Amino acid sequence: MTVRSAALLLYRRRAGVEVWIAHMGGPYWARKDEAAWSFPKGIVEEGDLGDELAAARREFMEEIGTPPPDADYVPLGEFPGSGKTIVVFAAESEFQPDAVRSNTFELEWPPRSGRMRSFPEVDDARWFPLEEARPKLTKAQRPILDALLARLEEDAEIH
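Residues numbered from 1 in each chain as written. Predicted model: local features only at pLDDT ≥ 70, side-chain atom pairs only at ≥ 80, totals over all residues. Heavy atoms only, no water.

## Looking at the nonpolar core
Counting residues in hydrophobic clusters, the biggest one holds 23 residues, and the most contacted among them are L9, V19, F39 and L148. Among the elements of the structure, β1 (3-13), β2 (17-24), β5 (74-80), β6 (84-92), α2 (130-136) and α3 (142-158) are those that each provide at least two residues to this core. The element best represented in this core is α3, accounting for five residues. The residues contacting V19, other than those within four sequence positions of it, are L9, L10, Y11, F39, R126, W127, F128, L130, A133, L145 and L148. The next biggest cluster of nonpolar side chains, apart from the first, holds 18 residues, and it includes A22, A56, F60 and F95. (Core = buried A, V, L, I, M, F, W, Y, C linked by side-chain atoms within 4.5 Å. Buried < 20%, exposed > 50% of the residue type's maximum accessible area, 1.4 Å probe, protein only. Helix = DSSP H or I, 4+ residues; strand = E, 2+ residues; numbered from the N terminus. Contact = heavy atoms within 4.5 Å.)

The following block contains the structure:
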């Protein structure tokens, strides 16, 4: 079975559309900006099957350190990621936490040193206009922005 990951895509409308994205933590990503950001997401566990939105909400909480906003989340689609399928739920929100307090992971650092260190999964998260967010996101996640724009255009035509 393909590994599934669930993500929340928060957006807001300012001069244009902005999205909330998170910079991946740990030493590999520390000095990278382009293709080093992601939508808050995580693995859909066995108990989550049938409620991937609950998985996305849990993973958001773990990575951002704040519960996701109460909002009308809509399924945006499923997207191929690096060896997994990312199921995305989108919602409009003015989310603004006081701080980002991610959970951590253990990693031997420096490599082959025998020393285990703890690093945050996410070391920064904030709002970016779409044109700034696109190059920051991993290449596999960039098509998610196109799906969001198509959904917003479709919604505008209906109303």
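Let's pick the thread back up.
## Some thoughts on the side chain of Q141
Within the secondary structure, Q141 is located in the loop between α2 and α3. Reaching out from Q141, the side chain makes a polar contact with the side chain of S38 at a distance of 3.0 Å. Not counting the four nearest positions on each side in its chain, Q141 is found in contact with S38, F39, K41 and I86. (Polar contact = N/O pair within 3.5 Å; in protein donor to acceptor, adjacent residues only side chain to side chain.)

## Some details on the packing of aromatic side chains
Aromatic ring pairs: the centre-centre distance and the angle between the two ring planes describe each pair. Across all of its chains, the model carries six aromatic pairs by this definition. Both rings, one in F60 and one in F95, keep their centres 5.3 Å apart while their planes meet at 75°; by these two values the pair is edge-to-face. Remark: F95 occurs in the loop between β6 and β7 (104-108) and F60 occurs in helix α1 (residues 52-64); sequence separation between them is 35 residues. Accessibility classification places F60 together with F95 in one group, the buried group. When the ring of F105 is compared with that of F119, the centres are 6.0 Å apart and the planes differ by 35°; the resulting orientation is tilted. In this pair, F105 sits in strand β7 while F119 sits in strand β8 (residues 116-120), placing the two residues 14 residues apart along the sequence. Look at F105 and you get partly exposed, because its relative accessible area is 29%. Exposure remark for F119: the relative accessible area of 8% places this residue in the buried category. (Phe/Tyr/Trp six-rings, centres within 6.5 Å; stacked < 30°, edge-to-face > 60°.)

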